[in-house]
Amino acid sequence: MTMSTPRVTLSTTSVYPESTVQGIACAADLGFDGIELMVGIDGISADIDRVEEAARANDITVTSVHAPCLLVTPTVWGGQPWPRLEKACEAARRFGARTVVVHPPFRWQRDYAAGFEEGVARLEADPRNVAAGVRIAVENMYPWRTPVGRFLAYAPDWDPSERSYSHLTLDLSHAATAQCSALDLVQRWGERLTHIHLTDGSGSFRDEHLMPGQGGQHAWQVVREAVQGGFRGDVVLEVNTRRLSGPRERRVALSRSLVETRQAIADALACTTRTDGD
C-alpha cells in the first residue's frame, strides 16, 4: 500500500528577526518541504507578488498561509477581519497552498466573533476555495493569565474542540500556555486535525514557542500519534529563535529539528505499515 508522507515545512516567523525573504531562503537551503507564510511579520510578508518572487527564486513552495490576526498586525491588509481572511484565501489559491491558518477572534471583535463559525464554513464552501482545495484550519489558543486570574480573550472560545470547524490547527506552545495536553487534543480532534504547528512550551503564562522537545508537550510523541492516527497534513516548525546568537546558530537548530521531525514521521509510518501488514 502506498502511503502519503506528511510534509515538514518552516514558518517564516521561525527566523525572526530575520526577514520573510531570509526565512524563505533558509527553508530552501535546509531542505524543508515548503514554507508557511506568516503574514504581517514584515512588510514583504503582506506583498503576495514579492513573496511569490522570493519563493520562485529559491525553488520552494508556499504550502500554507497564516492570516494576519495577531495583536501586532491590526492594520495589515486593511484591518477588517473578514476581508483579511478572504485575502489570505486568495493568497493561498495563488500560491497553490492548501491551508489557511486563522486564530479565533478576540472577544472585543464582537461582530466578527458572533458570526465566526458560520463565516469560516461559508468561506470554505466558496467555489474558488473548493476548486483549489483550500481549507481554513482554526488554531487552538489559550486563556490569558494575569495576576488577578484568567482573562478569556478569544470568542467564541480559545479551544476550538467543541465548535463546528471542519479543520483545526494544533499549536503545541498554545496547548502548553493553556495548561492542556496536545496529545489529548490529537485524540479528541481525530480527522479534524489538519495542520500542526510543531513547537513546545513549559506551561508558563508566556506563549514560548520553544524548539520541539525543549518543553513538556511530548512533541515527538505528538507527531507519532498524529501520523499513526492517519494525519497526513503539514507539520510546520513554528518556533522562537530570537535568543540564539545569530543566523548560523539558528540554522543549526532548525536543521536539527527538521531531521528529528522527519525521523518521528518515518517511525510512525513504519509502525503503521507493520500494523497494517499484521
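What counts as what
- Residues numbered from 1 in each chain as written.
- Predicted model: local features only at pLDDT ≥ 70, side-chain atom pairs only at ≥ 80, totals over all residues.
- Heavy atoms only, no water.
- Buried < 20%, exposed > 50% of the residue type's maximum accessible area, 1.4 Å probe, protein only.
- Helix = DSSP H or I, 4+ residues; strand = E, 2+ residues; numbered from the N terminus.
- Pairing = 2+ DSSP bridges.
- Axes fitted to C-alpha atoms, helices over the stretch in contact; angles between N-to-C directions.
- Parallel < 35°, antiparallel > 145°, perpendicular 65-115°, else oblique.
- Left-handed = near helix turned anticlockwise from the far one by under 90°.
- Contact = heavy atoms within 4.5 Å.
- Core = buried A, V, L, I, M, F, W, Y, C linked by side-chain atoms within 4.5 Å.
- Salt bridge = Lys/Arg side-chain N within 4 Å of Asp/Glu carboxyl O.
- 1 Å grid on protein atoms, 1.4 Å probe; cavity = no way out; pocket = protein on both sides within 12 Å on 5 of 7 lines; lining within 4 Å.
- Points joined across faces, edges and corners; volume = space filled by probe spheres on them.
- Nonpolar A, V, L, I, M, F, W, Y, C, P; charged D, E, K, R; others polar.

- Within an unreviewed UniProt entry, the label attached to the chain reads AP endonuclease, family 2, and the organism entered is Cutibacterium granulosum TM11.

1. Side note on the pairing of strand β5 (residues 135-139)
Item 1. For β5, the tally of buried residues reaches four of five residues, placing the bulk of the element in the interior.
Item 2. The pairing of strand β4 (residues 99-102) with β5 spans four bridges and is parallel. Directly across from Val100, in β5, lies its bridge partner Ile136.
Item 3. The pairing of β5 with strand β8 (residues 168-171) spans two bridges and is parallel. Looking at the pairing, Glu139 lines up with Thr169 of β8.

2. Comments concerning the packing of helix α3 (residues 81-95) against helix α5 (residues 116-124)
Item 1. At a minimum axis separation of 11 Å, α3 and α5 run at an interaxial angle of 30 degrees. Relative to α5, α3 is oriented roughly parallel. In the packing of α3 onto α5, the handedness of the crossing is right-handed. Within the contact between the two elements, α3 uses Trp82, Leu85, Glu86 and Cys89 and α5 uses Phe116, Gly119, Val120 and Leu123.

3. Quick look at the nonpolar core
Item 1. Judged by nonpolar contacts, the single largest core of 69 residues is most densely connected at Phe95 and Leu170.
Item 2. With residues up to four places along the chain from it excluded, the contact list for Phe95 reads Leu37, Ile48, Val51, Glu52, Thr61, Val62 and Val65.
Item 3. Counting residues in hydrophobic clusters, the runner-up holds seven residues, among them Phe106, Tyr142, Trp158 and Ala178.

4. A closer look at the pattern of salt bridges
Item 1. Tallied over the entire structure, the rule returns 12 salt bridges.
Item 2. Residue Arg94 is joined to Asp49 by a salt bridge in which the shortest nitrogen-to-oxygen separation is 2.3 Å. Placement of Arg94 in helix α3 and of Asp49 in helix α2 (residues 48-57) is noted, with a sequence separation of 45 residues between them.
Item 3. On the basis of relative accessible area, Asp49 is assigned to the partly exposed category, the value being 47%.
Item 4. Glu52 is the salt-bridge partner of Arg94, the closest N and O atoms lying 2.9 Å from each other. With a gap of 42 residues between them, Arg94 in helix α3 and Glu52 in helix α2 connect regions that are remote in the sequence.
Item 5. Note on Arg94: relative accessible area 41%, which makes it partly exposed.
Item 6. It is possible to trace a salt-bridge network through shared partners that takes in Asp49, Glu52, Arg56 and Arg94.

5. Observations concerning the environment of Gln187
Item 1. Tracing the sequence through the fold places Gln187 in helix α8 (residues 182-189).
Item 2. Remark: the alpha-carbon pair of Gln187 and Val222, spanning 35 residues in sequence, is separated by 9.9 Å.

6. Some points on the sheet that holds β8
Item 1. Ordered in space as β1-β2-β3-β4-β5-β8-β9-β10, the eight strands form a closed barrel in which the pairing is parallel. Geometrically, the sheet is characterised by an average inter-axis angle of 30 degrees between neighbouring strands, direction not taken into account.
Item 2. Here β8 runs beside strand β9 (residues 193-198); their pairing, made up of four bridges, is parallel. Looking at β9, one finds that Asp171 is bridged to His197.
Item 3. Along the sheet, α8 makes contact with β8 and β9, crossing β8 at roughly 165 degrees.

7. A look at the layout of surface pockets
Item 1. Roughly 710 Å³ of internal volume is contained in the largest pocket.
Item 2. Here the lining of the largest pocket is built from residues that sort into 13 nonpolar, eight polar and four charged.
Item 3. By volume, the second largest pocket is sized at about 350 Å³.
Item 4. Lining the second largest pocket are 15 residues, with Glu208, His209, Leu210, Asn240 and Arg243 sitting closest to its centre.
Item 5. Of the residues that constitute the lining of the second largest pocket, the class distribution is four nonpolar, five polar and six charged.

8. So, empty space enclosed by the protein
Item 1. Summed over all chains, the structure comprises one cavity of 30 Å³ or more.
Item 2. Taken as a whole, the largest cavity encloses approximately 30 Å³ of empty space.
Item 3. As for the largest cavity, its lining consists of Asn140, Met141, Trp158, Asp159, His174, Ala175, Ala178, Cys180 and Leu185.
Item 4. Class assignment of the residues belonging to the lining of the largest cavity gives a composition of six nonpolar, two polar and one charged.

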